[in-house]
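Summary of the model geometry
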Amino acid sequence: MEKFQEAGRSKRESFEDQFLHPEVYDLEGSGSQVKIYDLKPEQPKSQVPTYFAMGWSETPTALRENLIGLAEEGRHVIASDTPHGLETNEEGLDYNMAELRKMTGLMQTLETKEIEKVDVVAHSEGAVFTAIAASLHPEKFRNIVFVNPAGMIGKDNPLSLVARFGADMIHHVLNTGMSKEKKAAYAKIEGTAKSKEPSPLNAILTVSGSPIRSAKEIGAISATDVVSMLESLHDNGIGITVIYGAEDKTFPATRMSKTIRSKEDREAGRPLKIDGALAVAGTHNQMFKNPKAFARLLDQSLADLEKKKKKNASGGQRRKDSMESISGRGIYFRTNQFRLEHPTLIFVHGLSGSSSAWLPYEKIFQNKYNTLVFDLRGHGKSVKRPNYNDYEIKDFVRDIEGLIQYLNISRFILVSHSLDTLIALDFLSRNQSKVSSAIFLAPIFGIKRVPMAAVIHPFISAICVLLKFLPARTRPGYQVHYEQYRNTGDWDLHRMAADIPNTGFHVYFYSLGQMYKFDCQDCLSNIKVPVLLMHGGKDTIIPAENSLKAKELIPAVKIALLEKANHILVLNNIEEVSAAIMKFLESQSID
């Protein structure tokens, strides 16, 4: 027993020593330094470290017991001392600059420590900049535990937030005592006179040190909606658990529970897609009052997320409606359970749409084929990028290349619709050995040859130039439920009003502008794989003549003309389209 206690003290002392000696880094080009607290057990439970994203006015010193407690649970714990974040060159992003600075502090810590993947415990305001970081860089994040998170109680205002924060602090202090041992521990730490456990005084010191920045940060906290990001993060393959205090006055539990669902989900009666939500006793800063108990809770929450991720990954089964980021591209995708004996179908949706258009096809083909559907960059739930040059055809192609590499797909059947058959065509020209056959639905191979192109192209180019001077929306959108738009016309305003604003005008016009620049009609004669061209006889967007002309240029081609179909044949003619695809595939020797 005595040896056990001795070993326990030795481990505790080791973590205390690591805490007392943070690593100090000079940040290149900034002229500033950052302290990184790195507490690593000899045998950590996971090779993925846990970053502690602190709340407003918090410091690593305030989190000392929490960091050490989590390290004692076997977690490799990291925190950085960047209370106001770091200067950032991020531009054109639809987020508050105060939070982007703090996000930069997190990301530069990961870069400095050469961390490829991280778990995060995000307390209070830490939830805001962590959610932003994970939205922009999903490949870096595995699991996030949000503790009493900001941005999850709906509409707020700065003055109300400050008042609630002060009330919570006073309530916490009045109900918290500091033991002699804890006081002695704090006394050992240099410079902690102004950085003890969170208190109204500490908050006042933070404000007085930089009142303008503090005001901007408080405004950013009250204005940011983290709930709107959670579903995209979860679809990004990131595990999410929310822990909130029943007596939290800063972000009240009653409001938290009401707004933990997105507006769309609340209206449909569905819970927000996260892995877990847990209400615990205590105030906003309860984890400082009971650091050991909270360390156990956080450790268990991370373990549960790890276990769930392993379960979802077992047997090659990926979660339905799941997203994992590939090569840092933030591309949303879905698969069924891949089977080695089945050929693979990859579906590419049209401009301004999303992979939800392929839902019926996934069900039809799932028993005989592996299916992969995804949202093009900037579309649906995939990450939006702010610049015109981010939407060149080659960039869409690289996303597909990243997907097939990530999923170990060596050969597949490529299905594409409408304007985005240009992406499929360019992929074929670059990677024909990976494609066993290609299916083009209502395709366009020479957009400049479309009637009215000479009139429309200059108009599109002018809009793209104008949009460069306007802020671009960078948050992922959602997927439109296309069941309600079946049997709609080519120019149906309700469907277009659902698609284009969700995609965003920057993404829509940038993608369209890049497509007008692309011309690969000369590539058609180089296609050596079997091709099916399918077109609607009543298509008024891309007339069927486009496919009839292409038929003359492609060596191994079949054509299916659906006389009564329009351009939206993917939604309006599901049975006919899927039957024609199935017939074509069964006539091929698919590998």
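From a predicted model like this one, the values you see are computed outputs, not experimental measurements.

1. Description of the overall build of the protein chain
Looking only at helices and strands, one finds 22 helices and 15 strands in the protein chain. Counting over 591 residues, the protein chain shows a buried share of 58%. In the protein chain, the share of contacts with a sequence separation of at least 24, taken over all contacts with a separation of at least 6, comes to 79%. Accessible area for the protein chain stands at about 26,000 Å²; split by element, carbon and sulfur atoms hold 53% of it.

2. Some points on the nonpolar core
In terms of nonpolar packing, the biggest core is built from 56 residues, with F374 and V531 touching the most fellow members. The element best represented in this core is helix 19 (residues 505–517), accounting for seven residues. Not counting chain neighbours up to four residues away, the residues in contact with F374 comprise I331, Y332, F333, I346, F347, V348, H349, S355, I400 and L403. In this structure, A53, A131, A134 and L230 belong to the second largest nonpolar core, which totals 40 residues.

3. A look at the environment of L372
Here L372 lies in strand 11 (residues 370–374). Separated by 34 residues in sequence, L372 and F338 place their C-alpha atoms 9.4 Å apart. Setting aside anything within four residues of it in sequence, one finds L372 in contact with F333, R334, T335, L345, I346, F347, L407 and I409.

4. Quick notes on helix 16 (residues 421–431)
For helix 16, a buried count of nine out of eleven residues is recorded, marking the element as mostly surrounded by other parts of the structure. Taken as a whole, helix 16 has its buried residues at T421, L422, I423, A424, L425, D426, F427, L428 and N431. Close packing links the buried residues of helix 16 with helix 15 (393–406), strand 12 (412–417), strand 13 (435–441) and helix 19.

5. Overview of the sheet that holds strand 10 (residues 344–348)
Overall, mixed pairing links the seven strands, which are arranged 9-11-10-12-13-14-15 in an open sheet. Edge strands, defined here as strands with exactly one partner in the open sheet, are strand 9 (333–335) and strand 15 (557–562). Strand-to-strand twist of the sheet, defined as the mean angle between neighbouring strand axes without regard to direction, takes the value 15°. For strand 10 and strand 11, the ladder comprises four bridges, and the chain directions are parallel. The partner of L345 across the bridge, within strand 11, is T371.

6. Topic: the confidence of the model for the protein chain
Residues with a pLDDT of 70 or more make up 75% of the protein chain, whose mean pLDDT is 80. Below a pLDDT of 50 lies the segment residues 266–270, which in the model reaches eight contacts outside its immediate sequence neighbourhood of four places, other chains included.

7. Focus on the side chain of H535
Tracing the sequence through the fold places H535 in strand 14 (residues 531–536). Classification of H535 as buried rests on a relative accessible area of 1%. For H535, the side chain forms a polar contact with the side chain of D539, separated by 3.2 Å. Setting aside its immediate chain neighbours within four residues, H535 contacts A442, P443, I542, P543, A544, N546, S547, A560, L561, L562 and L569.

8. Considering the packing of helix 15 against helix 16
The packing of two helices is summarised by the inter-axis angle and the distance between the axes. In contact at an axis separation of 9 Å, helix 15 and helix 16 are set at 65° when each is read in the N-to-C sense. Taken together, the axes of helix 15 and helix 16 lie roughly perpendicular to each other. Regarding helix 15 and helix 16, the two cross each other, and that crossing is right-handed. On helix 16, the residues that touch I393, K394, F396, V397, I400, E401 and I404 of helix 15 are L422, I423, D426, F427, R430 and N431. Here the contact of helix 15 with helix 16 is built from residues that sort into eight nonpolar, one polar and four charged.

9. Overview of the pairing of strand 14
Of all six residues in strand 14, six are buried; the element is thus mostly enclosed. Note that strand 13 and strand 14 share four bridges and pair parallel. Bridge assignment links I439 to a residue of strand 14, and that residue is L532. Where the polypeptide runs from strand 14 across helix 20 (residues 545–551) and back to strand 15, its parallel neighbour, the crossover connection is right-handed.

10. Focus on helix 4 (residues 126–136)
Buried residues dominate helix 4, accounting for eleven of its eleven residues. Buried within helix 4 we find G126, A127, V128, F129, T130, A131, I132, A133, A134, S135 and L136. Check the buried side of helix 4 and you find it contacts strand 3 (50–53), helix 3 (97–112), strand 5 (118–123), strand 6 (141–147) and helix 9 (227–235).

11. Focus: the pattern of salt bridges
Scanning the model with the defined rule gives 21 salt bridges in all. Residue E65 pairs with R64 through a salt bridge whose shortest N-O separation is 2.3 Å. Pair check on accessibility: E65 and R64 agree, each one buried. Residues K368 and E586 are paired through a salt bridge, measuring 3.8 Å at the closest nitrogen-oxygen approach. With K368 in the loop between helix 14 (359–365) and strand 11 and E586 in helix 22 (residues 574–586), this residue pair connects regions lying 218 residues apart in the sequence. Relative accessible area serves as the criterion here: at 53%, E586 is assigned to the exposed category. Within this structure, R12, E16, R64, E65, E72 and K292 form a network of salt bridges that share partners.

12. What about the pairing of strand 11?
Among the five residues of strand 11, five are classified as buried, and the element is accordingly described as predominantly covered. Side chains of strand 11 alternate between two faces, with N370, L372 and F374 and T371 and V373 buried alike. As for the winding sense of the linkage, the β-α-β connection from strand 10 through helix 14 to strand 11 is right-handed.

13. Here's the deal with the environment of A53
By the element assignment, A53 lies in strand 3. By relative accessible area, A53 is classed as buried at 0%. In this structure the C-alpha to C-alpha distance between A53 and S80, which are 27 residues apart in sequence, comes to 8.3 Å. In contact with A53, not counting residues within four places along its chain, are V120, V121, A122, H123, G126, F129 and T130.

14. Observations concerning the packing of helix 3 against helix 4
The contact between helix 3 and helix 4 brings their axes to 8 Å, and the two run at 70°. Relative to helix 4, the element helix 3 lies roughly perpendicular. You can see that helix 3 and helix 4 cross each other, and the crossing is right-handed. Contacts between helix 3 and helix 4 involve E99, L100, K102, M103, L106 and M107 from the former and V128, F129, T130, I132, A133 and L136 from the latter.

15. Thoughts on the packing of aromatic side chains
Per the stated rule, a full pass over the model turns up 14 aromatic pairs. Judged by centre distance (5.1 Å) and plane angle (85°), the ring pair of Y508 and F509 falls under edge-to-face. Classification of F509 by relative accessible area gives buried; the value is 14%. An aromatic cluster of at least three residues, connected via ring pairs, comprises F347, W358, Y361, F365 and Y369.

Calculation rules
- Residues numbered from 1 in each chain as written.
- Predicted model: local features only at pLDDT ≥ 70, side-chain atom pairs only at ≥ 80, totals over all residues.
- Heavy atoms only, no water.
- Helix = DSSP H or I, 4+ residues; strand = E, 2+ residues; numbered from the N terminus.
- Buried < 20%, exposed > 50% of the residue type's maximum accessible area, 1.4 Å probe, protein only.
- Contact = heavy atoms within 4.5 Å.
- Areas by Shrake-Rupley, 256 points an atom, 1.4 Å probe, with all protein chains shown as cover.
- Core = buried A, V, L, I, M, F, W, Y, C linked by side-chain atoms within 4.5 Å.
- Pairing = 2+ DSSP bridges.
- Axes fitted to C-alpha atoms, helices over the stretch in contact; angles between N-to-C directions.
- pLDDT = per-residue confidence, 0-100.
- Polar contact = N/O pair within 3.5 Å; in protein donor to acceptor, adjacent residues only side chain to side chain.
- Parallel < 35°, antiparallel > 145°, perpendicular 65-115°, else oblique.
- Left-handed = near helix turned anticlockwise from the far one by under 90°.
- Nonpolar A, V, L, I, M, F, W, Y, C, P; charged D, E, K, R; others polar.
- Right-handed = clockwise from strand over helix to strand, strands pointing away.
- Salt bridge = Lys/Arg side-chain N within 4 Å of Asp/Glu carboxyl O.
- Phe/Tyr/Trp six-rings, centres within 6.5 Å; stacked < 30°, edge-to-face > 60°.

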